[in-house]
Amino acid sequence: MLSSTDTTAHGAAPVPPMRRTGWYWILQGAGWSAVALFNLSLSMGTGGWRAAVVSVWGALAGLLVSDLWHRLLKRHPAFRGGARWPYVAAGIVACAAAETVLVYAAFLVFQPFGAPHGVAWLPYALMFWIGQFFAWTVCYQAALSMRRARHAEATALRLELHAKDVELRALQAQVNPHFFFNSLNSVRALIYEDPEAAAQMIDQLAALMRYALQSGHADTVPLSAELEAVQAYLAIERIRFEDRLRVQVDVEGGLERVPVPPMALQTLVENAVKYGVEQSATGSDIRIRACRDGNAIRVEVANIGAIRRYPNATQVGLANARKRLALALGGQSSLELGESDGWVRATLLLPAMA
């Protein structure tokens, strides 16, 4: 007898479906029609059409009284809070009394069993209608509790999604300044040594800044867009390291649209450059590979080196990348750092596209 809500997790709650489709009145009509049929069955064969009219009269009166009761429950402050039940009980009795008076008026008008006399029927009539309105009120309160629970669940989901979005943006904000400050330091070092190389680096940095600003509003970007940003980053670093930086990129066909968190791959490549190329007088090879691995997509960034040389160097960056990966793609993704055959490998496992 109460409309339910259909609050979504995004934006404002839409109009509740039961209110939108009029189910409240459908349930009201069905419930009071059942009461009318029940009353008619008790007097079948004795009251004739007059008894039918009185039964319909009683159902319409119950519909009116229960709707007024419904409005009072919704709006009056006495029916809210922990001490509302005495008021609810009094309201049920008042509704039953009003219904009894209205039905008695029908008996006076139509007299299906002759002129009413005496008041012996009054306690039974009151008890019957108290039971009806008690059942109505229980159904109403149950439906109201369900609606509030769904609303609270939807509100909690919206807050959770908002918190996730805020955390993801904060993590991305930690990554971008770190990279841009490094790049600006590189530009500064080249300005006097090689102005043309510095100009090229500024162009590549501008392209990266544009990408970072555009992708910063999204949870994920296509792998192809992330690879373009990585290529721009590597172009900057090639100006710095020249032949010391040797890169191989191998991406299996059909993976261009695989979603990845913005700047996630670039962060891994930056770590590979920092701890593979910068720390070696002869530089390092860097391999970037993306391929299908069963039901997942494997993206690997590898550089020559050893983790044990820098035991604490990449912990913050990897922790950041793992958090962004989990927030953007959930538990189906992972990031692991390993070492084998003289190579340090950072491996992203991403869910395959449907």
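The model shown is predicted, which means the values in this text are computed figures rather than measured ones.

**Describing the side chain of Glu237**
Part 1: In this fold, Glu237 is placed in helix α7 (residues 223-241).
Part 2: Given a relative accessible area of 5%, Glu237 falls into the buried group.
Part 3: Within polar-contact distance, the side chain of Glu237 engages the side chain of Tyr233 at 2.7 Å.
Part 4: If near-sequence neighbours (up to four positions away) are discounted, Glu237 is found in contact with Ser186, Glu242, Leu245 and Val273.

**Focus: the sheet that holds strand β6 (residues 334-340)**
For sheets, the rule is that strands pair by backbone hydrogen bonds, running either parallel or antiparallel.
Part 1: Spatially, β2-β4-β5-β7-β6 is the arrangement adopted by the 5 strands of the open sheet, whose pairing is mixed. Of all the strands in the sheet, the pair left with one neighbour each is β2 (245-251) and β6. The average undirected angle you get between the axes of adjacent strands in this sheet is 15°.
Part 2: Sheet analysis places β6 next to strand β7 (residues 343-351), joined by 7 bridges and oriented antiparallel. In the strand pairing of β7, Glu339 is matched with Val344.
Part 3: Contacting β2 and β4 (284-293), α7 crosses the sheet at an angle of about 165° to β2.

Reading guide: rules and limits
Residues numbered from 1 in each chain as written. Predicted model: local features only at pLDDT ≥ 70, side-chain atom pairs only at ≥ 80, totals over all residues. Heavy atoms only, no water. Helix = DSSP H or I, 4+ residues; strand = E, 2+ residues; numbered from the N terminus. Buried < 20%, exposed > 50% of the residue type's maximum accessible area, 1.4 Å probe, protein only. Polar contact = N/O pair within 3.5 Å; in protein donor to acceptor, adjacent residues only side chain to side chain. Contact = heavy atoms within 4.5 Å. Pairing = 2+ DSSP bridges. Axes fitted to C-alpha atoms, helices over the stretch in contact; angles between N-to-C directions.

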